[in-house]
Amino acid sequence: MTPPPTRRGPITVRVFTQRFSSTPLGARLARRLTLHQLDSWNIPHGTKLSDTTALIVAELAANAATHGRVPGRDFELRLTLTRAVLRIEVSDTRGEKRPPCPGELAAPPSVVETGRGLLLVEALADRWAVLDRVPVGKTVRAELDLPR
């Protein structure tokens, strides 16, 4: 005997995708538009989720504009919101220059002023990964679990 089907509510997936110039200005704009988009999805400015997401986007976008920059090519930001997860993806076209994978990060010497962005991402995100991007490049994905 087959159990009766369970009723499930509709699943809403919200997606925001935008390309930005691979410049410091493009990275700042990515962060600002992220905050605006989250607010339109009823995740208000100043909440822990909004602030955490903005910080992760700022770090990943700065990395894409600095280390993943290919002249004449943009980087892409994609936010995906489901009931359970907020996914942040930043893609660039420089596939040969990949950051270390999760668990492989080493803190830079204390006298160095840079190199801590992915350490922040690792500390703030519930999961993160570096993925190949087809046809060219890489994507750094970070996920934040939402409260039930």
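Analysis parameters
- Residue indices begin from 1 for each chain and proceed along its sequence in written order.
- A pLDDT threshold of at least 70 governs which residues receive local features in this predicted model, and a stricter bar of 80 or more applies before side-chain atom pairs are shown or counted, although totals over entire chains, interfaces and linings include all residues.
- As a convention, hydrogens and water are excluded, and side-chain values are obtained from all of the structure's heavy atoms.
- Only protein chains enter the calculation, and the probe is 1.4 Å; a residue is then buried if its accessible area is under 20% of its type maximum, exposed if over 50%, and partly exposed in between.
- Secondary structure elements follow DSSP: runs of H or I of four or more residues count as helices, runs of E of two or more count as strands, with numbering from the N terminus.
- Working definition: the arc comes from the directions between the helix axis and the C-beta atoms, pointing outward to the latter.
- We call two residues in contact when some of their heavy atoms are within 4.5 Å.
- What we call a nonpolar core is a set of buried Ala, Val, Leu, Ile, Met, Phe, Trp, Tyr and Cys residues that are connected through their side-chain atoms within 4.5 Å.
- For two strands to be treated as a pair, DSSP must find no fewer than two bridges joining them.
- Structural elements are reduced to axes, namely lines fitted to C-alpha atoms, with helices fitted over the stretch in contact, and the angle between N-to-C directions of any two is expressed from 0 to 180 degrees.

Draft legend 1. View of helix 3 (residues 117–124). If you check which residues of helix 3 are buried, you get Gly-117, Leu-118 and Val-121. Buried residues of helix 3, seen end-on, are gathered within an arc of 90 degrees and therefore sit on one face of the element.

Draft legend 2. View of unusual backbone geometry. Pro-135 follows Val-134 through a cis peptide bond whose omega is 10 degrees. Assignment of secondary structure puts Pro-135 in the loop between strand 4 (127–132) and strand 5 (138–145). Its identity is not glycine, yet Asn-42 carries a phi of approximately 65 degrees, on the positive side. Mapped onto the fold, Asn-42 is located in the loop between helix 1 (24–40) and helix 2 (48–66). Given a relative accessible area of 68%, Asn-42 falls into the exposed group.

Draft legend 3. The arrangement of the environment of Leu-144 in detail. Mapped onto the elements of the fold, Leu-144 is located in strand 5. Once the C-alpha coordinates of Leu-144 and Leu-86 are considered, the two residues, 58 residues apart in sequence, prove to be 5.2 Å apart. Once residues within four sequence positions are removed from consideration, Leu-144 is found in contact with Leu-49, Thr-52, Thr-53, Ile-56, Ala-84, Val-85, Leu-86, Ile-88, Leu-124, Ala-125 and Asp-126.

Draft legend 4. Main features of the nonpolar core. The biggest cluster of nonpolar side chains holds 29 residues, and the ones touching the most others in it are Ile-56, Leu-60, Leu-77, Ile-88 and Trp-128. For this core, the secondary-structure elements that each account for two or more residues are strand 1 (14–21), helix 1, helix 2, strand 2 (74–81), strand 3 (85–92), helix 3, strand 4 and strand 5. Here this core takes six residues from helix 2, the largest share from any one element. Contacts of Leu-60, omitting those with residues within four sequence positions, involve Ile-88, Val-90, Leu-118, Val-121 and Val-140.

Draft legend 5. Region of the structure containing the sheet that holds strand 5. Pairing within the open sheet is antiparallel, and its five strands lie in the order 1-2-3-5-4. Only two strands of the sheet have a single neighbouring strand rather than two, namely strand 1 and strand 4. Neighbour to neighbour, the strand axes of the sheet diverge by 15 degrees on average, direction disregarded. Here strand 1 runs beside strand 2; their pairing, made up of eight bridges, is antiparallel. From the neighbouring strand, Arg-19 faces strand 2, where its bridge partner is Glu-76. On top of the sheet, helix 2 reaches strand 2, strand 3 and strand 5; it is set at about 15 degrees to strand 3, its chief contact.

Draft legend 6. Expanded view of the pairing of strand 3. Across the eight residues of strand 3, seven count as buried, placing the element largely inside the fold. Sheet analysis places strand 2 next to strand 3, joined by six bridges and oriented antiparallel. Counted as the bridge partner of Leu-79 is Ile-88 from strand 3. Turn length for the strand 2-strand 3 hairpin, with the two strands adjacent in sequence and antiparallel, is three residues. Relative to strand 5, strand 3 is paired through eight bridges, and the arrangement is antiparallel. Residue pairing for strand 5: Arg-87 is matched across the bridge by Glu-143.

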